[in-house]
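Structural features, examined
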Amino acid sequence: MARIETPRRIRGTQDIFGDEQRRFAHVLSTFERVRALYCFQRVDIPVFESTAVFARSLGETTDVVSKEMYSFEDRGGDSLTLRPEFTAGIARAYLTEGWQQFAPLKLTTSGPVFRYERPQKGRFRQFHQIDAEVIGAAEPAADVELLVLADQLLRELGISEGVTLQLNTLGDAATREAWRAALVAHFEAHRSELSEDSLTRLEKNPMRILDSKDPRDRPIADGAPDIDAYLTPEARAFFDAVTAGLDAAGVAWERNARLVRGLDYYRHTAFEFVTDRLGSQGTVLAGGRYDGLIGSLGGPETAGVGWAAGVERLAMLLDEPQATGIDAVVVPMGPEAEARATGIVADLRRAGVAVEMAYKGKMKARMAKADALGARFAIILGDDELAKGVGAVKALDTGTQTEVAFADLAEALR
Ligand code: ATP
Ligand code: MG
């Protein structure tokens, strides 16, 4: 008989289970709780969009668009792309759904995103992001609110220690143009020392040379002119308002004048929360203001600011997750007790008690299962108990045992 080869997991994808799953779920539930405190609404958008949604908004020359997108032609001949991030899709939805009427709109979402990258620790091809956006607010207060939200999320996850907020401004359109010219002049003067990638960037997207990781580029990038000398008074005032807001909210930040962010649509505020605990995958949360984005999708000029964080990277920073813990394990002894236990377990669950049934193996193995599940109680059902209409309820921490009538079980376990 021909042997069937078992299928493989696709490179860069994950099957998330056990402790890993608990960390993952903890990140998502904490995000869900904190976003409600900041009065952000949850939104869900498609996993795929027309390729043009990402190509136009992220910029044709960015790494994501030029190298990392999962694009394919569907059976109708349309070019579609699995979302590599959320912002472009949310901006598209804002336009197609007429959400302008709700502006300013504070939104969060989460789910899988896809990038064709070289897989390594903290870097996957299908990974997960949590995402927060404020659309239709041009005021620095929106940037501040998003950053304070991010800071509180990291604190509530217990991982803010050792994570720093690095902040920069990319100025307004006039600032960017003047700074860009200065950068091009600087890099042109050092043309012969730049990496091949940076020579390409010099033609298409010179700002990106600033965050090059190539050691050949570093000294030239580090010696490049800062944006500060080119900031218009308006851009300077905007940045000052953001930093003042952070100071007022008690959020620590540091200036990183080399921080530019990969995507073309950023204006004014750009930021990353960075740790040294994850090697070269040290950026856990990143974002900025993207006032040019909705215009680039053909919509009216609309301000926007937002961030995304990698759920896996946040999960990796968490302490050992708590075992979930349940209320009780029912341990029926014998076929009659087992039959009866089915009804008791169903009643308990309907009453809001988390119970598992242990019906396999010897008594010892069943009690071991109750321990392994982190149950507070075991409910032992033998022939004696059935005859009396009670369960023998054993507190697993103290070992004390009491008899409780079936009708009173739910109450006793709460
Ligand atoms: P990097 O510099 O690590 O490639 P990026 O600038 O491409 O990150 P963003 O586009 O800002 O990342 O995405 C936001 C967050 O998503 C990152 O800060 C990171 O936590 C996470 N992230 C990005 N790419 C991956 C990936 N391939 N696998 C896992 N997480 C990722
Ligand atoms: Mg990347």
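Structure shown above.
Residues numbered from 1 in each chain as written. Chains lettered and ligands numbered in written order. Predicted model: local features only at pLDDT ≥ 70, side-chain atom pairs only at ≥ 80, totals over all residues. Heavy atoms only, no water.

**A look at the overall build of the protein**
Applicable threshold: The helix count covers DSSP runs of H or I at least four residues long, the strand count covers runs of E at least two residues long, and both are numbered beginning at the N terminus. Put simply, the radius of gyration uses C-alpha atoms, and a globule should come to 2.2 Å times the residue count raised to 0.38. Burial classification: accessible surface area is computed with a 1.4 Å probe over protein chains only, and a residue below 20% of its type maximum counts as buried, one above 50% as exposed, and the rest as partly exposed. Residue contacts are defined here by distance: any two heavy atoms, one from each residue, within 4.5 Å place the two residues in contact.
A count of helices and strands for the protein gives 15 helices and 16 strands. The C-alpha radius of gyration of the protein comes to 28 Å, more than 25% above the 22 Å expected for a compact globule of 414 residues. Residues classed as buried in the protein amount to 51% of the 414 residues present. Of all intrachain contacts in the protein linking residues separated by at least 6 positions in sequence, the fraction that spans at least 24 positions is 69%.

**A closer look at the sheet that holds strand 3 (residues 70–73)**
Test applied: Two strands qualify as a pair provided that DSSP identifies no fewer than 2 bridges between them. Only the contacting stretch of a helix is used when fitting its axis, a line to C-alpha atoms as for every element, and angles between N-to-C directions run 0 to 180 degrees.
In space, the three strands of this open sheet follow the order 2-4-3, with antiparallel pairing throughout. For this open sheet the edge positions go to strand 2 (48–50) and strand 3, each flanked by a neighbour on one side alone. Along the sheet, successive strands turn relative to each other by an average axial angle of 35 degrees, direction set aside. In the sheet, strand 2 pairs with strand 4 (residues 79–82) via three bridges, with the strands oriented antiparallel. Pairing of Glu-49 across the sheet is with Thr-81, part of strand 4. Across the sheet, helix 2 (residues 51–58) is in contact with strand 2, strand 3 and strand 4; its angle to strand 2 comes to roughly 75 degrees.

**With respect to the nonpolar core**
To keep it simple, the criterion reads: Buried Ala, Val, Leu, Ile, Met, Phe, Trp, Tyr and Cys residues that are joined via side-chain atoms within 4.5 Å together make up what is termed a nonpolar core.
In terms of nonpolar packing, the biggest core is built from 45 residues, with Leu-58, Ile-90, Trp-99, Trp-179, Leu-183, Phe-187 and Leu-210 touching the most fellow members. Those elements giving two or more residues to this core turn out to be helix 2, helix 3 (63–68), helix 4 (87–96), strand 5 (105–114), strand 6 (126–135), helix 6 (173–189) and helix 10 (293–296). Ranked by residue count, the leading element in this core is helix 4, at five residues. When near neighbours in sequence (up to four residues on either side) are disregarded, Leu-210 contacts Trp-179, Leu-183, Phe-187, Arg-218, Ala-221, Ala-224, Arg-258 and Val-260. Core analysis: the next-biggest nonpolar cluster, separate from the first, contains 43 residues, Tyr-38, Leu-146, Val-284 and Val-305 among them.

**Here's the deal with the site of ligand 1**
Where we set the bar: Being near a molecule or strand, for a residue, means having at least one of its heavy atoms within 4 Å of it. Pairing of N or O atoms within 3.5 Å defines a polar contact, subject to two protein rules: one partner must be a possible hydrogen donor and the other a possible acceptor, and residues neighboring in sequence count only if both atoms are side-chain atoms. Areas reported here follow the Shrake-Rupley algorithm with a probe of radius 1.4 Å; residue values treat only the protein chains shown as occluding. Residue type decides the class: Asp, Glu, Lys and Arg count as charged, Ala, Val, Leu, Ile, Met, Phe, Trp, Tyr, Cys and Pro as nonpolar, and the leftover types, Gly among them, as polar.
Around ligand 1 sit 16 residues in total, of which Arg-115, Glu-117, Arg-123, Phe-124 and Arg-261 are the nearest. Contact distances for ligand 1 include 2.8 Å between an oxygen atom and a side-chain N or O atom of Arg-123. At 3.1 Å, a side-chain N or O of Gln-129 approaches an oxygen atom of ligand 1. Here ligand 1 has 580 Å² of accessible area as a free molecule, and 88% of this is covered by the chains. Only strand 6, strand 10 (283–289) and strand 11 (304–310) provide two or more residues apiece to the shell around ligand 1. When the residues that make up the shell around ligand 1 are grouped by side-chain class, the tally is six nonpolar, four polar and six charged.

**Section: the sheet that holds strand 12 (residues 328–332)**
Judged by pairing direction, the sheet is mixed, and its five strands sit side by side in the order 13-12-14-15-16 without closing on themselves. Two strands bound the open sheet, and with one partner strand each, they are strand 13 (355–357) and strand 16 (401–405). Neighbouring strand axes in the sheet, compared pairwise and without regard to direction, differ in orientation by 30 degrees on average. When strand 15 (residues 390–395) meets strand 16, the two strands line up antiparallel, connected through five bridges. Bridge pairing in strand 16 links Ala-392 to Glu-403. Those strands touched by helix 12 (residues 335–350) are strand 12, strand 13 and strand 14 (377–381), and its axis lies near 165 degrees from that of strand 13. This element, helix 13 (residues 363–372), spans strand 12, strand 13, strand 14 and strand 15 of the sheet and lies at about 170 degrees to strand 12.

**Considering the pattern of salt bridges**
Side-chain pairs of opposite charge can arise whenever the charged atoms involved come near each other. As a reminder of what qualifies: The term salt bridge refers to a pairing of a side-chain nitrogen on Lys or Arg with a carboxyl oxygen on Asp or Glu at a separation within 4 Å.
Applying the stated criterion across every chain yields a total of 27 salt bridges. The partner of Arg-191 in a salt bridge is Glu-188, and the shortest N-O contact between them spans 2.8 Å. One salt-bridge network, in which partners are shared between bridges, spans Asp-228, Arg-236, Asp-240 and Arg-255.

**Regarding helix 12**
For the record, the criterion: To estimate the expected span of a helix, count its residues, drop one, and scale the result by 1.5 Å. In this analysis the local bend is the angle between axes fitted, respectively, to the seven residues ending at and the seven residues starting at the residue.
In this model, helix 12 (16 residues) spans 23 Å end to end at C-alpha, consistent with the 22 Å of a helix rising 1.5 Å per residue. At Ala-341, helix 12 shows its largest kink, close to 25 degrees. Of the residues making up helix 12, those classed as buried are Ala-337, Ala-341, Ile-344, Val-345 and Leu-348. Check the buried side of helix 12 and you find it contacts strand 12, strand 13, strand 14, helix 14 (383–388) and helix 15 (409–413).

It is worth stressing that arrangement in space is one thing and function is another; only the former is reported here.
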